[in-house]
Amino acid sequence: MRDIAEVAAVEVITTAAVHLMSAAAVKCGLAEGSDAEELKDLDEARKLITALAGFVTAAAPEIGSQHAGPLRDGLRSLQLAFREASLVPDAPGQGPGEKFTGPVN
């Protein structure tokens, strides 16, 4: 295992974002397998997506568009998946993370 001092900041940031994305995807019901619906928890997904949105928004100027672009794309996909999974859709601009990203359509 590499010493943390040897790991570039951009790698730590993107790894943390990917962990948030993965957890949010599972909580949105996007996990593979027959138990995906059992793992769905939209309250938890909302928290994770909002945290991810704040994290990506804050980190983007530091990591550059080459790294931030794919993270933003993943975030947007999760926001849309959340909206699709919700029985009662949030008003525009009120969905998870939209206070950081603006409304997602």
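Residues numbered from 1 in each chain as written. Predicted model: local features only at pLDDT ≥ 70, side-chain atom pairs only at ≥ 80, totals over all residues. Heavy atoms only, no water.

With that settled, the discussion passes to the nonpolar core. Membership of the largest hydrophobic core comes to 20 residues, with the highest contact counts inside it found for Ile 49, Leu 52, Leu 71 and Leu 78. Looking at this core element by element, the count peaks at 9 residues for helix 3 (residues 42-63). Residues contacting Leu 78, with those up to four places away along its chain left out, are Met 21, Ala 24, Ala 25, Cys 28, Leu 30, Ile 49 and Leu 52. (Core = buried A, V, L, I, M, F, W, Y, C linked by side-chain atoms within 4.5 Å. Buried < 20%, exposed > 50% of the residue type's maximum accessible area, 1.4 Å probe, protein only. Helix = DSSP H or I, 4+ residues; strand = E, 2+ residues; numbered from the N terminus. Contact = heavy atoms within 4.5 Å.)

On to the pattern of salt bridges. All chains considered together, the criterion is met by 5 salt bridges. The residue Asp 43 makes a salt bridge to Lys 47 at a minimum N-O spacing of 3.3 Å. In this pair, Asp 43 and Lys 47 both sit in helix 3, 4 residues apart, roughly one turn of the helix. Look at Asp 43 and you get partly exposed, because its relative accessible area is 46%. In this structure, Glu 44 engages Lys 47 in a salt bridge whose closest nitrogen and oxygen atoms are separated by 3.6 Å. With Glu 44 and Lys 47 both in helix 3 and 3 residues apart, the pair spans about one turn of that helix. Residue classification places Glu 44 among the partly exposed residues on the basis of a relative accessible area of 30%. It is possible to trace a salt-bridge network through shared partners that takes in Asp 43, Glu 44 and Lys 47. (Salt bridge = Lys/Arg side-chain N within 4 Å of Asp/Glu carboxyl O.)

Moving on: empty space enclosed by the protein. Under the definition given, this model contains 1 cavity of 30 Å³ or more. Reported here for the largest cavity is a volume of approximately 60 Å³. In this structure, the largest cavity is lined by Gln 79, Leu 80, Phe 82, Arg 83, Ser 86, Pro 89, Asp 90, Gly 95, Pro 96, Glu 98 and Val 104. In terms of residue count, helix 4 (residues 65-85) provides more of the lining of the largest cavity than any other element does, 4 residues in total. Taken together, the residues of the lining of the largest cavity break down into 5 nonpolar, 3 polar and 3 charged. (1 Å grid on protein atoms, 1.4 Å probe; cavity = no way out; pocket = protein on both sides within 12 Å on 5 of 7 lines; lining within 4 Å. Points joined across faces, edges and corners; volume = space filled by probe spheres on them. Nonpolar A, V, L, I, M, F, W, Y, C, P; charged D, E, K, R; others polar.)

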